[in-house]
Amino acid sequence: MTPGTARGAGVGYGAGIGLAVHVPPAPVAPEHEAAEDIETATARIHDAFDQVARALTDRAAHATGPLAETLAAAATMAADPALTDQTVRQAGAGFGPATAVTRAVESFATTFQEAGGYLAERVTDLVSVRDRVVALLLGQDEPGMPALIGRSVIIAADLAPADTAALDLDLIAGIVTAAGGPTSHTAIIARQLGIPCVVGAAAALQLPAGARILVDAASGTVVADPDEERVALALRRARRLAEVAEDDRPAATSDGHRIQLLANIGTPEDALRAASTAVDGVGLFRTEMLYLDRAAAPSSAEQVGVYRQVLDAFDGRKVVLRTLDAGADKPLTFATADGEANPALGLRGYRTARRHPELLEDQLAAIAEAATDHPSPVWVMAPMISTAGEAAEFAARARSHGITTVGAMVEVPSAALLADELLAPLDFLSLGTNDLTQYVMAADRLSTDLADLTDRWQPAVLRLVAATVRAGKTAGKPVGVCGESAADPLMALVLTGLGISSLSMSAPSVGGVRYALRAHDLRACRRMAEAALAAPDAAAARSAAAALLDETVRETLHV
Ligand code: PEP
Ligand code: MG
């Protein structure tokens, strides 16, 4: 890496420039700290935890949103008698008070880490409580933010919510932490406060204090003493990306050709998050998420409840549910065949119904029940359909439950080649380009060694996509894409040029695709599609399309 540069995970798209201010490390209990008599120690420990709990509660009361929640959670921890009792026990075992706190917190943190999930995420709160209590016990200043004197970029090993609560927002140009990922506290709070932020950038701890620092969240980089051109570019991109994120108009090319932009989801929580963004609905609800990691299929009542939650979240917007896609990389203990030599080529996807038709029938019944009288159009499709016979069988099954809009995913070459026949009993097709690429190229989608083969720009994949779209046009039925290809703005333009009617992707990718669409007319998309289709290999296909891309889009999206 270039000296003076650190790389991490950017939070959002912001960019900022300011002087480096390092947050000093947390206070530590002195080695061989002398024990105090237990009565004094107990009183001091209780008093310190009380003071910290009160201060955190006070800050929580003056904050809002996730920041208020995390501060309140930290305050609850500081007030938790289990933590104080454990600390007093450590003091009783002969440790000095600051050491006792450190040991008690360590044992709680280990338990939290082992529990994983929500509790593991609370370890930062626990550590922040410890630092504050230790500082009080040692008679030191409250740890955390130094006073700022100008526009500053805060660089820290990690930041506790209480630190972020103390930030003077007028003086913060950016935040950089060595620890943490995109869902860490710092990331969540920086997002809430709109502060340019890069997390997980360990090398930033070495950047000199007082240096001019550029924080560029869009590229996840932190640069010391950047040249003016670089600063201007980052700020320009950040401004445009903020506009992109705010654009909630229906997606269309510049000449008004409408494309539905839909979200891929797996859980009701995903649904709630995606529903609050400007998407036209759900293009792929991976219902298998409900079946994974359990000993038996979810009951009918549970399924109806979950499907309803998702439909309610999108109240009135279209929702495409995919029936159970188990097997291969998503095995189910109660349904997946054991001992298959090639599970990816085995009883997976729709084929699960050969051995367990009851799983599919129960699911279709639950979907039909959830869909009854719901304002959202409910579309249902099967994964891994390979023959016209399977398509017809699935259509009959779904319709017998009263489901009216029935489709299939095109994920294996045979489905693309037989798209005309598949469509006869169906209402729509959705291209699962992740699996389609894997099966066209005979290359495991999870293999990093074969990434050149599992490239979505492979001409063989593009030609099968084009053939599927042609079949849709002939039948007058919609063909969408719900694989990763849809999330790539350049590929989205090519797919639009090919004649795709909807693109489904993770909700955060929608803004970039909408922006790219708006900057090109349908003719330009068609030219890109033709250029990509005519290319001899994946790299050439991508560059042929990229050569026709609008310059501002290229600069803004880093295409
Ligand atoms: C696909 O294969 O492209 C797809 C969308 O399905 P999944 O990624 O869930 O296999
Ligand atoms: Mg798939």
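The rules we used
- What you see as residue numbers is a count from 1 along each chain, following the sequence as written.
- Starting at A for chains and at 1 for ligands, labels are handed out in the order in which the entities are written.
- The predicted nature of this model means local features are confined to residues of pLDDT at least 70 and side-chain atom pairs, given and counted, to a pLDDT of 80 or more, with totals for whole chains, interfaces and linings taken over all residues.
- With hydrogens and water set aside, each side-chain value is computed from the structure's full complement of heavy atoms.
- Numbered from the N terminus, helices here are DSSP runs of H or I no shorter than four residues, and strands are runs of E no shorter than two.
- Only protein chains enter the accessibility calculation, which uses a 1.4 Å probe; a residue is then buried when its area is under 20% of its type maximum, exposed when over 50%, and partly exposed in between.
- The contact criterion used is simple: two residues touch if any of their non-hydrogen atoms lie within 4.5 Å.
- Each accessible area value is a Shrake-Rupley result obtained with a 1.4 Å probe; residue values ignore everything except the protein chains displayed when judging cover.
- The convention is simple: Lys and Arg are positive, Asp and Glu are negative, and His and the chain ends are not counted.
- A charge is said to be at NZ when it belongs to Lys, at CZ for Arg, at CG for Asp and at CD for Glu.
- By salt bridge we mean one thing: a side-chain nitrogen of Lys or Arg within 4 Å of a carboxyl oxygen of Asp or Glu.
- All the domain ranges listed were derived from an automatic or database domain assignment.
- Should DSSP find at least two bridges between two strands, the strands are taken to pair.
- In this description, a line fitted to the C-alpha atoms serves as the axis of each element, helices being fitted only across the stretch in contact, and the angle between N-to-C directions of two axes falls anywhere from 0 to 180 degrees.
- Picture the helix axis, draw a direction to every C-beta atom, and the arc is the one those directions span.
- Listed donor atoms are N, O and S within 2.8 Å of the metal (Na, K and Ca: 3.2 Å). As water is not included, a site may look incomplete.
- Here, the term nonpolar core denotes a set of buried Ala, Val, Leu, Ile, Met, Phe, Trp, Tyr and Cys residues that are joined through side-chain atoms within 4.5 Å.
- Ring pairs are drawn from Phe, Tyr and Trp, using the six-membered ring of Trp, whenever the two centres fall within 6.5 Å, and their geometry is named by plane angle: stacked under 30 degrees, edge-to-face over 60, tilted for the rest.
- For a lysine, the NZ atom is tested; for an arginine, the CZ atom; a charge sits over a ring if that atom is within 6 Å of the ring centre and within 35 degrees of the ring normal.
- Buried and open spaces are told apart on a 1 Å grid over the protein atoms alone, a cavity being a set of points where a 1.4 Å probe fits but cannot get out and a pocket being an open set with protein on both sides within 12 Å along at least five of seven lines. Residues with an atom within 4 Å of a point are the lining residues.
- Grid points are joined across faces, edges and corners, and a volume is the space filled by probe spheres set on the points.
- Residue type decides the class: Asp, Glu, Lys and Arg count as charged, Ala, Val, Leu, Ile, Met, Phe, Trp, Tyr, Cys and Pro as nonpolar, and the leftover types, Gly among them, as polar.

Enquirer: Can you help me understand the overall build of the protein in this one?
Expert: Summing up its helical and strand segments, the protein has 23 helices and 16 strands in all. With the C-alpha coordinates aligned to their principal axes, the bounding extent of the protein is approximately 85 × 55 × 45 Å. A buried classification covers 52% of the 559 residues belonging to the protein. Looking at the protein alone, contacts between residues at least 24 apart form 67% of all its contacts between residues at least 6 apart. Accessible area for the protein stands at about 23700 Å²; split by element, carbon and sulfur atoms hold 54% of it. Distance between charge centroids for the protein: 8 Å, based on 46 positive and 68 negative side chains.

Enquirer: When you look at the pattern of salt bridges in this model, what are you seeing that I'm missing?
Expert: One side chain can pair with another of opposite charge once the charged atoms of both are near each other. All told, the structure shown has 24 salt bridges when counted by the stated rule. Linking Arg445 and Asp435 is a salt bridge whose minimum nitrogen-to-oxygen distance equals 2.9 Å. Taken together, the positions of Arg445 in the loop between helix 17 (433–441) and helix 18 (459–475) and Asp435 in helix 17 put the pair 10 residues apart, joining distant regions of the chain. For Arg445, a relative accessible area of 31% translates into the label partly exposed. A cluster of three or more residues bridged by salt bridges with shared partners is formed by Glu288, Arg322, Asp325, Lys330, Arg348, Asp435 and Arg445.

Enquirer: Is there a simple way to explain the domain arrangement of the protein in this structure?
Expert: A common way to report how large an interface is uses the accessible area buried once the components associate. Partitioning the protein into structural domains gives domain 1 (5–24 + 144–242), domain 2 (38–138) and domain 3 (246–557). Using only C-alpha atoms to locate each centre, domain 2 and domain 3 end up separated by 47 Å.

Enquirer: Before we go on, may I ask you to explain the sheet that holds strand 10 (residues 281–286) in this structure?
Expert: Backbone-to-backbone hydrogen bonds pair the strands of a sheet. The strands run either parallel or antiparallel. Strand order around the closed barrel formed by eight strands is 9-10-11-12-13-14-15-16, with parallel pairing between neighbours. Direction aside, neighbouring strands of the sheet carry axes that sit 25° apart on average. Both strand 9 (residues 260–265) and strand 10 contribute to a ladder of three bridges, which runs parallel. The partner of Ile265 across the bridge, within strand 10, is Phe285.

Enquirer: What's the story with helix 10 (residues 268–275) in this structure? I'm lost.
Expert: Within an α-helix, residues lying three or four positions from one another point in the same direction, as the helix has 3.6 residues per turn. Every buried residue of helix 10 is listed here: Pro268, Ala271, Ala274 and Ala275. Each buried residue of helix 10 sits inside an arc of 125° when the element is viewed along its axis, so together they form one side. For helix 10, the exposed residues set more than 90 degrees away from the buried face come down to Leu272 and Arg273. The inward-facing, buried residues of helix 10 abut strand 9 and helix 11 (300–313).

Enquirer: How should the coordination of the magnesium ion (ligand 2) be read in this particular structure?
Expert: Around a metal, the ideal angle is 109.5 degrees if four donors adopt a tetrahedral arrangement and 90 or 180 degrees if six donors adopt an octahedral arrangement. Around the magnesium ion (ligand 2), the donor atoms from the protein are Glu411 (OE) and Asp435 (OD), and they sit 2.0 to 2.1 Å away. With Glu411 in the loop between strand 13 (405–410) and helix 15 (413–417) and Asp435 in helix 17, the pair connects residues that are 24 residues apart, well separated along the chain. We classify Glu411 as buried; its relative accessible area is 3%. Here Asp435 falls in the buried class, since its relative accessible area comes to 2%.

Enquirer: What am I meant to see in the nonpolar core here?
Expert: When a protein is soluble and globular, its nonpolar side chains tend to lie buried together. In terms of nonpolar packing, the biggest core is built from 101 residues, with Tyr307, Trp457 and Leu503 touching the most fellow members. Those residues within four positions of Leu503 in sequence are excluded, and the remaining contacts are Ile259, Gln260, Leu261, Leu262, Val481, Ala486, Ala492, Leu495, Thr496 and Val513. Among the nonpolar cores identified, the runner-up in size contains 34 residues, and Phe49, Ala91, Ala104 and Ile189 belong to it.

Enquirer: Even after reading the chapter, I still don't get the packing of aromatic side chains, so can you show me in this structure?
Expert: What characterises a pair of aromatic rings is the spacing of the ring centres plus the angle enclosed by the ring planes. Summed over the entire model, instances satisfying the criterion amount to four aromatic pairs. Judged by centre distance (6.5 Å) and plane angle (80°), the ring pair of Phe108 and Phe112 falls under edge-to-face. In this pair, Phe108 and Phe112 both sit in helix 4 (residues 97–115), four residues apart, roughly one turn of the helix. With respect to burial, Phe108 and Phe112 carry one shared label: buried. Between Phe285 and Tyr307, the ring centres sit 6.1 Å apart and the planes meet at 80°, which makes this aromatic pair edge-to-face. Here Phe285 is found in strand 10, whereas its partner Tyr307 is found in helix 11, with 22 residues between them in sequence. What makes Phe285 buried here is its relative accessible area of 2%. The ring of Trp379 carries Lys318 above its face, with NZ or CZ at 3.8 Å from the centroid.

Enquirer: When you look at the pairing of strand 16 (residues 502–505) in this model, what are you seeing that I'm missing?
Expert: Successive side chains on a regular strand alternate, one facing one side of the sheet and the next facing the other. The alternating pattern of strand 16 places Ser502 and Ser504 and Leu503 and Met505 on opposite faces, both of which are buried. The sheet contact formed by strand 9 and strand 16 spans four bridges and is parallel. Bridging from a neighbouring strand, Leu262 pairs with Ser504 of strand 16. With two bridges joining them, strand 15 (residues 479–481) and strand 16 adopt parallel strand pairing.

Enquirer: So what exactly am I meant to see when it comes to the sheet that holds strand 5 (residues 172–177) here?
Expert: The eight strands lie next to each other as 1-8-7-3-4-5-6-2, forming an open sheet whose pairing is mixed. Of all strands in the sheet, those bounded by a partner on one side alone are strand 1 (5–7) and strand 2 (9–11). Taking each pair of neighbouring strands and ignoring which way they run, the sheet shows an average axis angle of 25°. Contacting strand 2, strand 5 and strand 6 (197–199), helix 8 (residues 185–193) runs over the sheet at an angle of about 170° to strand 6. Against the sheet, helix 9 (residues 228–246) touches strand 3 (15–22), strand 7 (212–216) and strand 8 (221–224), its axis set at about 35° to strand 7.

Enquirer: Would you mind going over the layout of surface pockets with me for this structure?
Expert: Empty space among the atoms can be located by rolling a probe the size of a water molecule over them. Roughly 1400 Å³ of internal volume is contained in the largest pocket. Forming the boundary of the largest pocket are 37 residues, of which Gly12, Tyr13, Arg191, Thr277 and Pro508 lie nearest the centre. Breaking the lining of the largest pocket down by element, the ones donating at least two residues are strand 2, helix 8, helix 9, strand 9, helix 10 and helix 20 (510–518). Partitioning the lining of the largest pocket into residue classes produces 19 nonpolar, 11 polar and seven charged. Mapped onto the domain boundaries, the lining of the largest pocket takes at least three residues apiece from domain 1 (5–24 + 144–242) and domain 3 (246–557).

Enquirer: Help me understand empty space enclosed by the protein, please; the structure alone is not making it clear to me.
Expert: Under the definition given, this model contains three cavities of 30 Å³ or more. Approximately 100 Å³ is the volume found for the largest cavity. What lines the largest cavity is a set of 16 residues, and nearest its centre among them are Leu262, Lys318, Ser430, Gly480 and Ser502. Each residue belonging to the lining of the largest cavity can be placed in one class, and the counts come to nine nonpolar, six polar and one charged. Taken as a whole, the second largest cavity spans an internal volume of roughly 90 Å³. Lining the second largest cavity are Thr323, Leu324, Gly349, Tyr350, Thr352, Ala353, His356, Leu359, Leu360, Gln363 and Pro383. Put simply, the parts of the chain that give the lining of the second largest cavity at least two residues each are helix 12 (352–355) and helix 13 (357–371). If one sorts the elements of the lining of the second largest cavity by residue count, helix 13 sits on top with three residues. Among the residues forming the lining of the second largest cavity, the class breakdown is six nonpolar, five polar and no charged.

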